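Summary of the model geometry
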Amino acid sequence: SDLRFSEAVVYSLQSNGFLVFIPRFGLRGPVYLREKSGEVLQPASDGSDSVIFGPGSLDRQQHYITVSSSAGTHKYSLFDHFRVRIDLIPSLYHTPVLKFHLTHCSPLRLSDQPEAQATRLDLVKAVSKSSASPSSSSSSSSSCKPQTEHEEKSHIRQSGLYSLLQQFRTMALSDD
């Protein structure tokens, strides 16, 4: 796959777009839904999957942003997953800047994501299984502890914020 394209998770909403986290590279940054000229992001009218900026309005609520244009209305919520294009903007006098752009107006579905998703039932089984045998887990917990600070940081990175957000998103989708 092309390294310029990656999955991103919406973690904060702004007045003109949202902030995304790209777990593949550990990057964070803004995705703009409204340009300085006032035009908003909308699907291209030629029927392709591309997006363009055009006339429209943007309405920010507490947990989502709604973009209305002649092409329709699109809703962008916290913790939605999108495919973004990463561009490097070089500068002669400053550090190069990374810009993130949406490739589609609609979020990715769970089936679009490459990694397998744990279901809520699997999560409940794993938690109940670990709490069912406290005596065996306490004796094995000393052998499972990371031996060095490097191993501990690696373990924290593997079970970090992205994994937690994925579990929340999976649980929310399975309740519907």
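Scope of this entry: the structure provided in the associated data block. No experiment lies behind these values; they were computed from the predicted model shown. (Residues numbered from 1 in each chain as written. Predicted model: local features only at pLDDT ≥ 70, side-chain atom pairs only at ≥ 80, totals over all residues. Heavy atoms only, no water.)

1. Thoughts on the overall build of the protein chain
In plain terms, the rule: Secondary structure elements follow DSSP: runs of H or I of four or more residues count as helices, runs of E of two or more count as strands, with numbering from the N terminus. The criterion used for residue contact is that any of the two residues' heavy atoms lie within 4.5 Å. Only the protein chains shown count as cover for residues, and the accessible areas themselves come from Shrake-Rupley with a 1.4 Å probe.
A tally of regular secondary structure across the protein chain gives four helices and 10 strands. Here the analysis covers contacts within the protein chain between residues at least 6 apart in sequence; of these, 48% occur between residues at least 24 apart. With the model as given, the accessible surface of the protein chain reaches about 11700 Å², and the carbon-plus-sulfur share is 56%.

2. Points about the packing of aromatic side chains
In plain terms, the rule: Each pair of aromatic rings taken from Phe, Tyr and Trp, with Trp reduced to its six-membered ring, is defined by centres within 6.5 Å and is described as stacked if the planes are under 30 degrees apart, edge-to-face if over 60, and tilted in the remaining cases. Type-normalised accessible area, obtained with a 1.4 Å probe on protein chains alone, sets the label of each residue: buried when under 20%, exposed when over 50%, and partly exposed for intermediate values.
Considering all chains together, one arrives at three aromatic pairs under this definition. Geometrically, the ring pair formed by Phe18 and Tyr76 is tilted, given 5.8 Å between the ring centres and 40° between the ring planes. With Phe18 in strand E2 (residues 17-22) and Tyr76 in strand E8 (residues 72-77), this residue pair connects regions lying 58 residues apart in the sequence. The pair formed by Phe18 and Tyr76 is uniform in burial state, with each residue classed as buried. Ring centres 5.7 Å apart and planes at 20° place the aromatic pair Phe18 and Phe82 in the stacked group.

3. Topic: the side chain of Thr66
Along the polypeptide, Thr66 turns up in strand E7 (residues 64-69). In this structure Thr66 comes out as buried when scored by relative accessible area, which is 16%. Thr66 has contacts with Ser57, Leu58, Asp59, Thr73 and His74, leaving out every residue within four places of it along the chain.

4. Considerations on the environment of Gly26
Here Gly26 shows up in the loop between E2 and strand E3 (27-32). In this structure the C-alpha to C-alpha distance between Gly26 and Tyr162, which are 136 residues apart in sequence, comes to 9.7 Å.

5. Re the pairing of E7
For clarity, the cut-off: Being paired, for any two strands, means DSSP has found at least two bridges between them.
As paired elements, strand E6 (residues 56-60) and E7 share five bridges and run antiparallel to each other. From the neighbouring strand, Arg60 faces E7, where its bridge partner is Ile65. Connecting the antiparallel pair E6 and E7 is a turn made up of three residues. As judged from the six bridges shared by E7 and E8, these two strands associate in the antiparallel manner. Considered in E8, the bridge of Val67 is made with His74. Here E7 folds back onto E8, and the loop between the two strands holds two residues.

6. Brief notes about the nonpolar core
Put simply, the rule is: Joining through side-chain atoms within 4.5 Å is the link that ties buried Ala, Val, Leu, Ile, Met, Phe, Trp, Tyr and Cys residues into a set, and such a set is a nonpolar core.
Formed by 21 residues in total, the largest nonpolar core has its most connected members in Phe18, Leu33, Tyr76 and Leu102. Mapped onto this core, the elements with two or more residues apiece are strand E1 (5-13), E2, strand E4 (40-43), E7, strand E9 (81-89) and strand E10 (97-102). The contact partners of Leu33, leaving out residues within four places of it in the chain, are Asn16, Gly17, Phe18, Glu39, Val40, Leu41, Phe53, Leu58, Ile65, Val67, Tyr76 and Leu102.

7. Let's talk about the sheet that holds E8
Threshold: Between N-to-C directions, angles cover 0 to 180 degrees, with each direction set by a line fitted to C-alpha atoms, over the stretch in contact for helices.
Read across the open sheet, the three strands follow the order E6-E7-E8; overall the sheet is antiparallel. Of all strands in the sheet, those bounded by a partner on one side alone are E6 and E8. Each adjacent strand pair in this sheet contributes to an overall mean axis angle of 15°, direction not counted.

No statement about biological role is implied by the geometric values presented.
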